[in-house]
Amino acid sequence: MSNDARTTIVWSDTYQDHETGSHPESPERIAAIGRALREAGMFDDRTVLTPDPATLESVLAVHAPHVVDLVQRAAHQGGAWLDPDTYVSPDSYEVALLAAGGACRAVDAVMNGEARRAFAFVRPPGHHAEPEQAMGFCLFNNIAVAAEHALNAHGLNRVAIVDWDVHHGNGTQAAFWRRPDVLFISLHQYPFYPGSGSASERGAGSGEGYTLNIPLPAGSTDQDYHARMLDTVIPALHAFAPDLLLVSTGFDAHTADPLAMMQVTTDAFAEWARLLKDAANELCEGRMVLILEGGYNLRALGESVVAVLGALDE
Ligand SMILES: [Zn+2]
């Protein structure tokens, strides 16, 4: 056990090797986070772990083989657009495996007692990637792979995922749609990309009621999010009683974000982190893993990451 009070970081500069040209989901996002963390002294007195690539087995626990084959082939043939939003560059297959592996490394650290909490700063992001299809800047669904890894490799019974990225986590929802062992809660701008995420989408079969969508109109504020955290998200977590809490940590609800239309401030992200940390402390001995998703204003992204880590370290 080392540096138990401080949130462990999973970090690799290799996440910048997924090249996307002038795309908003750019390598510069990781560079900007690195600069902000260094300037705030956030790498000091903290455990920083280096990720390994996810095993093919762990990715195939979420994705159909043809999804993995397509990303590998597109990358190794020199790069290709999978859809108008989603680019694969020559190194993207290896980087995508490293992103899923970084999420799994954070889970391992928390489950092995190396860390109480961990934040994996990975890209490409993952929550739009569906079992049958890469999409929406996302190649493999990092948080879904991490949840399956927690269930399969660490023998957990129940994993909760809170997705506060401004977009609906359609891929994560699809992965666990019929599953009662993974609670998926998403707060997102609605209607908005990718189109799914209405409150009537609640899972199916034995998974009915284990998908919880909280659609929010464009222009929603800190107060709007705070109210839904208190009246819906936290009570749902208590009712479910997870063994581990995972967070799809996007920063694109920020008022400065160029892609979305919410009015959330940097302080709000810190407050959500505090609320979820308290829930994890009460429900699952603090076991909490944050995994980077979106966030496209580089200044807001850096500031918000520093604010969230600061809140978690309190
Ligand atoms: Zn997003």
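Everything below is about the structure shown above.
Description of the structure in this document. Here the residue index of a chain counts from 1 through its sequence in written order. Local features in this predicted model are restricted to residues whose pLDDT is 70 or higher, and side-chain atom pairs enter the listing and the counts only when it is 80 or higher, whereas totals over whole chains, interfaces and linings include all residues. With hydrogens and water stripped out, all remaining heavy atoms of the structure feed into the side-chain values.

Looking now at the coordination of the zinc ion. The donor set comprises N, O and S atoms within 2.8 Å of the metal, extended to 3.2 Å for Na, K and Ca; water molecules are omitted, so apparent gaps in a site may simply reflect that omission. Every protein donor of the zinc ion is accounted for by Asp165 (OD), Asp165 (OD), His167 (ND1) and Asp252 (OD), and the metal-donor separations fall at 2.0 to 2.7 Å. Around the zinc ion, the four donor atoms sit at angles spanning 53 to 155 degrees, and that spread fits a shape best called irregular. In primary-sequence terms, the residues that donate to the zinc ion follow D-x1-H-x84-D. Residue histidine 167 is found in the loop between β6 (159–163) and α6 (170–175), and its partner aspartate 252 is found in the loop between β9 (244–249) and α8 (266–283); the two are separated by 85 residues along the sequence. The residues histidine 167 and aspartate 252 share a single accessibility class, namely buried. The rule is simple: four donors are tetrahedral if all their angles sit between 85 and 135 degrees, four are square planar and six octahedral if opposite donors span more than 155 degrees and the others lie between 65 and 115, and anything that fits none of that is irregular. Helix and strand definitions here come from DSSP, where helices need a minimum of 4 consecutive H or I residues and strands a minimum of 2 consecutive E residues; each element is numbered from the N-terminal end. Burial classification: accessible surface area is computed with a 1.4 Å probe over protein chains only, and a residue below 20% of its type maximum counts as buried, one above 50% as exposed, and the rest as partly exposed.

The element strand β7 (residues 182–189) is largely enclosed, with a buried count of eight among its eight residues. Burial along β7 is two-sided: Val182, Phe184, Ser186 and His188 facing one way and Leu183, Ile185, Leu187 and Gln189 facing the other are all buried. One bridge is not enough; two strands pair if DSSP finds at least two bridges between them. Across five bridges, the pairing between β6 and β7 is parallel. Counted as the bridge partner of isoleucine 161 is phenylalanine 184 from β7.

A word on the packing of aromatic side chains. Aromatic ring pairs are reported here in terms of the distance separating the ring centres and the angle at which the planes meet. Two aromatic rings, drawn from Phe, Tyr or Trp (for Trp, its six-membered ring), form a pair once their centres lie within 6.5 Å of each other, and the interplanar angle then sorts them: stacked below 30 degrees, edge-to-face above 60, tilted otherwise. For the coordinates displayed, the defined rule picks out 12 aromatic pairs. Between tryptophan 11 and phenylalanine 43, the ring centres sit 5.5 Å apart and the planes meet at 80 degrees, which makes this aromatic pair edge-to-face. One end of the pair, tryptophan 11, is in the loop between β1 (8–10) and α1 (28–39); the other, phenylalanine 43, is in the loop between α1 and β2 (48–49), with 32 residues separating them in the sequence. A ring pair is formed by tryptophan 164 and tryptophan 272, whose centres lie 5.3 Å apart and whose planes are at 70 degrees; its orientation type is edge-to-face.

This next bit is on the side chain of serine 196. Of note, serine 196 is situated in the loop between β7 and β8 (211–216). Two N or O atoms form a polar contact when they lie within 3.5 Å of each other; inside protein one atom must be a possible hydrogen donor and the other a possible acceptor, and for residues adjacent in sequence the pair counts only when both atoms belong to side chains. A distance of 2.7 Å separates the side chain of serine 196 from the side chain of histidine 168, its partner in a polar contact. Beyond its immediate stretch of four places on either side in the chain, serine 196 contacts His168, Asn170, His188, Tyr190 and Glu201. Should any heavy atoms of two residues lie within 4.5 Å, those residues are considered in contact.

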